[in-house]
Number of protein chains: 2
Amino acid sequence: MKAIINKPTIKDVAQKAGVSVATVSRILNGLEGYSEETKEKVNKAIIEMNYQRNEIARHLKIKRTHTIGVLLPTRGTSFYIELLNGIQDVAHKNKYSVVNCNTGDQWQLTNDYLRVLAERQVDGMIICSLPAGLGYDKTIYDTSIPSVLVSTVSDHFQIPYIKVDDFRASYAATLHLIQNGHRQIAFLGGDKDDRIAGKPRLQGYLEALREYQIPVKESLIKHTHFSFKDGVLGMKQLLNEKETFTAIFAACDDIAVGALSVAYHEGIKVPDELSIIGYDNTNAAEMCYPPLTTVAQPLYQMGERAVELLIQSIETGKKGESIIMPYEIIERKTVKPLV
Amino acid sequence: MKAIINKPTIKDVAQKAGVSVATVSRILNGLEGYSEETKEKVNKAIIEMNYQRNEIARHLKIKRTHTIGVLLPTRGTSFYIELLNGIQDVAHKNKYSVVNCNTGDQWQLTNDYLRVLAERQVDGMIICSLPAGLGYDKTIYDTSIPSVLVSTVSDHFQIPYIKVDDFRASYAATLHLIQNGHRQIAFLGGDKDDRIAGKPRLQGYLEALREYQIPVKESLIKHTHFSFKDGVLGMKQLLNEKETFTAIFAACDDIAVGALSVAYHEGIKVPDELSIIGYDNTNAAEMCYPPLTTVAQPLYQMGERAVELLIQSIETGKKGESIIMPYEIIERKTVKPLV
DNA sequence: ATAATTAGAGTAAACGTTTACTAAGGGAAG
DNA sequence: CTTCCCTTAGTAAACGTTTACTCTAATTAT
């Protein structure tokens, strides 16, 4: 009766194989202390009963859950999926499971999720794009759960991170435009005080201009947010104000594609009359027309490295070292030398 | 010493508050059997020690994990994120966590993940776009873990599902083109024998043609897969073979956008010289130029409903009823009446 | 031949909860 | 004044593992 209703436990297996639970456990875990013969007996019983380990019980005992929590904001739909794929693939290879947490577009649910993850005894956490200044980094640090940040940093706490050098990458993107002869370059930025995608990208842009002695024109710099709609908005502002510019550096691909779309609407030919370079190399960059020249963050690989770093830190007990990932300029069809 | 190294347990709280663990547990769970006074004492202790429940232990005892597993194929990056958002939001509201499983683009990891999820004692599973004919539905059924399918069905087992009526939706999409005066309509399909996005969508297309007595021209029907590249490919075939057609119905947005991109390349004006309608209403549809007319699946809502259905089935022990979601034609700018 | 080691296995105590059962004390009902 | 019940609480047995100990018998070393 009981056997029909409940799943078989290690006890049932032991009984059926005529050994003790300890022996079964040892076999299950590949430890030593049994003969080849008993091993076969036990394995036979396991198969016959279709026994499956209860990992919950195991986790309780070994005080490890082989689970990592991932915190992501909801916005920027095209950005995170690649990252997530990288995270999940490497996690699975290392026999970790990942529980996903959508913190909402304003990060409202962050503390909520942090509590849940702690209660669920996750072995580690990966936190992406966490905004600075709201004290979340302290909360994370205080949990004393091994963590790694992706595409963000903590100002006050030593939490290892993985990101590209946004300043240099933006510098390179701007330089790419300059080297194509452009001098009047507009900047479509996202949230101005975003630690990662805001400030450093603007700085990189400014630095490139400075180095080439191109005067900065404030009216060519528009800050909105990071969505397609914001790109539309920024571009329209530029156009309404009758600014003259031959190129645009957009702080993310969605913005760039938004600008691209307005350009088409207005009959501005890209890249003949206007060059545009984006940032992120999301799949929108490949799918838009003309395909977008952009700076690529190796999102999938960043996910992979994040997990590797995290697992290392879980298993050694030491914090790992932060990693700066290489960026790359992907030349497609939206940048053309100025004639 | 111990107190410093290890997290406080319910035992420590009980000791500190001078009560038994049973009382603490009852307070934690909002049961009855204690005075207001003890409750306050205990809550004070909880706060002072910064006690957090160990959910793993709890799960072991109550034999429920409040966890649901989600199985997704890797392909179709833009499709699943919305679904996932819906799933996660509702799950969180109901205090469930979701563990994400990427089964790979060929579903290679399905059995692997199914085992992991069972061992982790998930309360339920949501499986998306599972292909038929490979026997995975049997495996799922055999786990006897409550499950719901999204955008797929099982031929042989009674597993509740959530999907739109692909046949009717495709019929409607094709009809939309017909009503705009088109008679030479090409079909760019994905995998031909996909139970959901393959066969029914083709059938819907054929049915609409039949009903309006438009002869089917096999050479206008191209089957590839579901990616942007496939859209490019399919469109190029059509062009190479010098087919004449005034409209395209694409089985997914990525295909449609691929076709759109080729059209631009070749100087074919959309929608003036060619109308295109897609399927899915992914955000690519909004971001491409011109913005894509497409049939919308309410992805986010489907995720929501899937979780609701699953939770209901977990908590009542009965299988829920399958749900057919409404589709909607989103008119943007790629379809125009034939002059 | 005896002592020391070892291989193969079992016993039972954890891990941190929940919960069925038990018990004491106080108030209401008879 | 007893009897009964309710409230407030405690005791201890699970849940399904892992693992430190213990034990026996066989093998090896002396």
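Residues numbered from 1 in each chain as written. Chains lettered and ligands numbered in written order. Predicted model: local features only at pLDDT ≥ 70, side-chain atom pairs only at ≥ 80, totals over all residues. Heavy atoms only, no water.

Visitor: Just to check I follow, could you spell out the protein's contact with DNA strand D for this structure?
Guide: Looking at DNA strand D, there are 26 residues lining it, with Ile10(A), Ser25(A), Thr23(B), Tyr34(B) and Ser35(B) nearest. Taken together, the sugar and phosphate atoms account for 66% of what DNA strand D places within 4 Å of the protein. At 3.2 Å, a side-chain N or O of Asn29(A) approaches a phosphate oxygen of DNA strand D. With respect to DNA strand D, the side chain of Tyr51(A) contributes an N or O atom lying 2.8 Å from a phosphate oxygen. Those elements that provide at least two residues to the surface near DNA strand D are α3 (21-28) and α5 (55-62) of chain A together with α3 (21-28) and α5 (55-62) of chain B. By residue number, the principal contributor to the surface near DNA strand D is α5(A), which donates four residues. When the residues that make up the surface near DNA strand D are grouped by side-chain class, the tally is nine nonpolar, 11 polar and six charged. (Near = heavy atom within 4 Å. Polar contact = N/O pair within 3.5 Å; in protein donor to acceptor, adjacent residues only side chain to side chain. Helix = DSSP H or I, 4+ residues; strand = E, 2+ residues; numbered from the N terminus. Nonpolar A, V, L, I, M, F, W, Y, C, P; charged D, E, K, R; others polar.)

Visitor: Could you clarify how one ought to interpret the interface of chain B and chain A in this entry?
Guide: Interfaces are often sized by the accessible area lost when the parts come together. If you look at the interface, chain B gives 47 residues, while chain A gives 47 residues. Across the chain B to chain A interface the summed buried area is about 4,600 Å²; carbon plus sulfur atoms make up 56%. Broken down residue by residue, the surface that chain B buries against chain A is led by Arg120(B), Met287(B) and Tyr289(B), which jointly contribute 16%. Put simply, chain B and chain A have zero salt bridges between them. Taken together, the connections running from chain B to chain A amount to 18 residue pairs in polar contact (both at pLDDT 80 or more). Contributing elements (two or more residues each) for the side of chain B that touches chain A: α5, α6 (77-93), β2 (97-102), α7 (110-119), α12 (253-265) and α13 (283-287) of chain B. Counting residues per element, the side of chain B that touches chain A draws most heavily on α6(B), which supplies seven residues. Here the side of chain B that touches chain A is built from residues that sort into 17 nonpolar, 18 polar and 12 charged. (Contact = heavy atoms within 4.5 Å. Buried area = accessible area lost by both parts, 1.4 Å probe. Salt bridge = Lys/Arg side-chain N within 4 Å of Asp/Glu carboxyl O.)

Visitor: Help me out: how do you make sense of the sheet that holds strand β10 (residues 293-296) of chain B in this one?
Guide: The strands that make up a sheet pair up through hydrogen bonds in the backbone, lying either parallel or antiparallel. Residue and element names in this part refer to chain B. The strand order β7-β6-β8-β9-β10-β12 describes an open sheet built from six strands, whose pairing is mixed. The open sheet has two edge strands with one neighbour each: β7 (221-223) and β12 (328-330). Adjacent strand axes in the sheet meet at a mean angle of 20° when their direction is disregarded. As judged from the four bridges shared by strand β9 (residues 275-280) and β10, these two strands associate in the parallel manner. Bridged to glycine 278 within β10 is threonine 294. (Pairing = 2+ DSSP bridges. Axes fitted to C-alpha atoms, helices over the stretch in contact; angles between N-to-C directions.)

Visitor: Honestly, the packing of aromatic side chains in this entry has me stumped. Any pointers?
Guide: We describe a pair of aromatic rings using the distance from one ring centre to the other and the angle between the two ring planes. For the structure shown, the criterion picks out nine aromatic pairs over all chains. Seen in terms of ring centroids, Tyr264(A) and Tyr264(B) are 5.7 Å apart; in terms of plane orientation they differ by 35°. Their pairing is tilted. Here Tyr264(A), found in helix α12 (residues 253-265), pairs with Tyr264(B), found in helix α12, and the two come from separate chains. An aromatic cluster of at least three residues, connected via ring pairs, comprises Tyr264(A), Tyr289(A), Tyr264(B) and Tyr289(B). Above the ring of Tyr279(A), the side-chain terminus of Arg201(A) is found at 3.6 Å from the ring centroid. (Phe/Tyr/Trp six-rings, centres within 6.5 Å; stacked < 30°, edge-to-face > 60°. Lys NZ or Arg CZ within 6 Å of the ring centre and 35° of its normal.)

Visitor: Would you take a moment to explain the protein's contact with DNA strand C for this structure?
Guide: Surrounding DNA strand C, one finds 26 residues, the nearest of these being Ser20(A), Ser35(A), Thr38(A), Ile10(B) and Ser25(B). The contact atoms of DNA strand C, taken as those within 4 Å of the protein, divide so that sugar and phosphate hold 67%. One nitrogen or oxygen atom from the side chain of Arg26(A) is found 2.9 Å from a base nitrogen belonging to DNA strand C. The separation between a phosphate oxygen of DNA strand C and a polar side-chain atom of Thr38(A) is 2.7 Å. Residue composition of the surface near DNA strand C, by class: nine nonpolar, 11 polar and six charged.

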